[in-house]
Amino acid sequence: MSHSAPFAWSPVGGPAAAAVLGVVLTRGPISRVGIARLTGLSSAAVTKAARPLIEAGYLVELPGVEHAASGVGRPASPLAVCADREFFAGVRISGDELVGVVTDLCAQIRNTARRPLGGHGVPVVEEVAALVGELLGASEEYRARTRRLGVSVSGDAGPVPEALLAGATGLDVTLENGVRALTVAEQWFGEGVGASPFALVTLGAEVGCGLVVDGRLVTGAYGVAGEIGHLPVADGGPRCRCGGRGCLAAYASREAITAACRAVTGRDVTPEAAAALARAGDEEVRAVFARAGRAVGLALAAVVNLVGPERIVVAGDEAAACDLLEHQIRETLAARAYGGASQCPLVLRPLRPEGWARGAAVVALRGLFPDGPIDGRWNGRRSSFPFFR
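Predicted model, so just to flag it, every value in this text is computed and none were measured.

A. Unusual backbone geometry, seen in detail. In this chain, Gly-28 is followed by Pro-29 through a cis amide linkage whose omega measures -5 degrees. With respect to the element layout, Pro-29 can be found in the loop between α1 (15-27) and α2 (32-39). With omega at 0 degrees, the peptide bond leading from Ser-196 into Pro-197 counts as cis. Looking at where Pro-197 falls in the secondary structure, it is placed in the loop between α7 (178-189) and β8 (198-203). The backbone of Ala-107 sits at a positive phi, close to 65 degrees, despite the residue not being glycine. With respect to the helices and strands, Ala-107 occurs in the loop between β4 (97-103) and β5 (109-116). Within the chain, Asp-214 stands out as a residue other than glycine whose phi angle is a positive 55 degrees. With respect to the helices and strands, the residue Asp-214 is situated in the loop between β9 (208-213) and β10 (216-217). Asp-214 sits in the partly exposed class, given a relative accessible area of 40%.

Written as structure tokens, this is what we have:
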């Protein structure tokens, strides 16, 4: 595939271009009329903003389609993203492993790789650089068209690690909290498209929550917004590693569920073995999962009552055994959410390790928008496209 502009050139130099590209990324293929309706831009402004994106190979015009209603008039030529125009690397750093992906411009995973950590004394920065080299080395296109790397971590990291990783990989690097990265990916390319407020909750080694309000990821004044794992769901109760009692994480994290299952069985079961016992009908173990599901439902009800999300996604890793929690989660949420909020759509689905890395890659993709979220005001109107509000 050839491009009419040098690859290093970025076409997203202003709010109109950012809005057009953002809408086509998340809603495309879509006509210019549809883009104008979602962004509040005039048709002429959409055409002007789209032109350099088309010339640079980021957008492509699909063959014209006759208007369905009358069959007359000028055929519409929807705009679509040219997925292989640019690629993005994403790496998830966990306690014992690196998981990496290469995604295209539509956040579809094109390549994956995994690498153990901590076994031979190599600094993490060097391990990440080696993994990225492996990912990009799989294709000349990946190496030639990848200039951004997203890295997700369990906590927060500052600019020093970003600079070290940039020096080691030769890429523009963005570090982000893993749950927030997943939330951005869901906001742009998943259940969160068009939904604001929106919430994503993760279950597994940790219990986390990302919130999008008015189209923006919420971090809060102290950087702890969304710490649903430390929301109290019981008076007293088991002790949490934060020092408190009755936190959601003390009931529903992988460690908490496994510890409770070991206590009722008297056996040193693994998370997988505990789930197998519950599925086989062990009533005491099933009660542990039911208690965890109720705790998650209570926490979700608090989120729904406080924030009023249009939709909630609960994503759990394999060991989280969401199928064993789902009934109690849904039942408790419906019972404890206030009024119409009890109808809040809830999606539960598995979360593979590559999903975390994909979230990091989407954070890197967000680097196409150098000015970040924009206010969406053109011609005196406000954009209805949620990310750009």
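This is not the end of the story, as more comes after the structure.
B. Inspection of helix α4 (residues 124-136) at higher detail. Taking 1.5 Å per residue, 13 residues should reach 18 Å; α4 reaches 18 Å between its end C-alpha atoms and fits that length. All buried positions along α4 are accounted for by Glu-127, Val-128, Leu-131, Val-132, Leu-135 and Leu-136. Along the axis of α4, the buried positions cluster into a sector of 160 degrees, meaning they face one direction only.

C. Layout of the pairing of strand β3 (residues 87-93). With seven of seven residues buried, β3 is to be regarded as a mostly interior element. Alignment of β3 against strand β6 (residues 146-153), held across five bridges, turns out to be parallel. Opposite Gly-90, over in β6, you have Gly-150 as the bridge partner. Across six bridges, the pairing between β3 and β4 is antiparallel. Note on β4: the bridge partner recorded for Phe-88 is Thr-103. What sits between β3 and β4 in their antiparallel hairpin is a turn of three residues.

D. Seen up close, the pattern of salt bridges. Inspection of every chain in the model, using the stated rule, returns 18 salt bridges. Across the salt bridge formed by Arg-311 and Glu-191, the nearest N and O atoms sit 3.9 Å from each other. Taken together, the residues Arg-311 in strand β11 (residues 311-316) and Glu-191 in the loop between α7 and β8 connect sequence positions 120 residues apart. What makes Arg-311 partly exposed here is its relative accessible area of 21%. For Glu-191, a relative accessible area of 30% translates into the label partly exposed. Among the salt bridges present, the one from Glu-326 reaches Arg-330, with a minimum N-O distance of 2.9 Å. Placement of both Glu-326 and Arg-330 in helix α12 (residues 322-336) is noted, with a separation of four residues, approximately one turn of the helix. The partly exposed category is assigned to Arg-330, whose relative accessible area is 36%.

E. Representation of the sheet that holds β5 in the model. Spatially, five strands are ordered β5-β4-β3-β6-β7 in an open sheet, and the strand pairing comes out mixed. A strand with exactly one partner marks an edge of an open sheet, and here the two such strands are β5 and β7 (172-177). Adjacent strand axes in the sheet meet at a mean angle of 20 degrees, parallel and antiparallel pairs treated alike. Set on the sheet, α4 makes contact with β3, β4, β5 and β6; between it and β5 the angle comes to about 145 degrees. α7 contacts β3, β6 and β7 of the sheet and is inclined by roughly 105 degrees relative to β7.

F. Spatial organisation of a nonpolar patch on the surface. Taken together, the side chains of Val-213, Leu-306 and Val-307 define a hydrophobic patch exposed on the protein surface, amounting to about 260 Å² of accessible area. Topologically, Val-307 is positioned in helix α11 (residues 283-307).

G. Just the sheet that holds β10, in detail. Taken in spatial order, the five strands of this open sheet run β10-β9-β8-β11-β12, and their pairing is mixed. Bordering the open sheet on either side are β10 and β12 (346-350), each of which pairs with just one other strand. Note that β9 and β10 share two bridges and pair antiparallel. Paired with Val-213 across the strands is Arg-216, a residue of β10.

H. Representation of the environment of Ala-263 in the model. Here Ala-263 shows up in helix α9 (residues 254-265). Since its relative accessible area comes to 63%, Ala-263 is described here as exposed. Each C-alpha atom, one on Ala-263 and one on Val-285, is 9.6 Å from the other, the two residues being 22 residues apart in sequence.

I. Fine view of the nonpolar core. Counting 43 residues, the largest nonpolar core has Leu-203, Ile-228, Leu-248, Phe-289 and Leu-300 as its most contacted members. Top element by residues in this core is α11. It accounts for eleven residues. Ile-228 has contacts with Val-201, Val-207, Gly-208, Cys-209, Leu-248, Ala-299, Leu-300 and Val-303, leaving out every residue within four places of it along the chain. Counting residues in each nonpolar core, the second largest holds 35 residues, with Leu-21, Ile-35, Ala-357 and Leu-365 among its members.

About the cut-offs
- Residues numbered from 1 in each chain as written.
- Predicted model: local features only at pLDDT ≥ 70, side-chain atom pairs only at ≥ 80, totals over all residues.
- Heavy atoms only, no water.
- Helix = DSSP H or I, 4+ residues; strand = E, 2+ residues; numbered from the N terminus.
- Buried < 20%, exposed > 50% of the residue type's maximum accessible area, 1.4 Å probe, protein only.
- Expected span 1.5 Å × (residues − 1).
- Arc of directions from axis to C-beta.
- Pairing = 2+ DSSP bridges.
- Salt bridge = Lys/Arg side-chain N within 4 Å of Asp/Glu carboxyl O.
- Axes fitted to C-alpha atoms, helices over the stretch in contact; angles between N-to-C directions.
- Contact = heavy atoms within 4.5 Å.
- Patch = residues over 30% accessible without salt bridge, like charges linked within 9 Å, V, L, I, M, F, W, Y side chains within 5 Å.
- Areas by Shrake-Rupley, 256 points an atom, 1.4 Å probe, with all protein chains shown as cover.
- Core = buried A, V, L, I, M, F, W, Y, C linked by side-chain atoms within 4.5 Å.

Keep in mind these numbers describe shape, not what the thing actually does.
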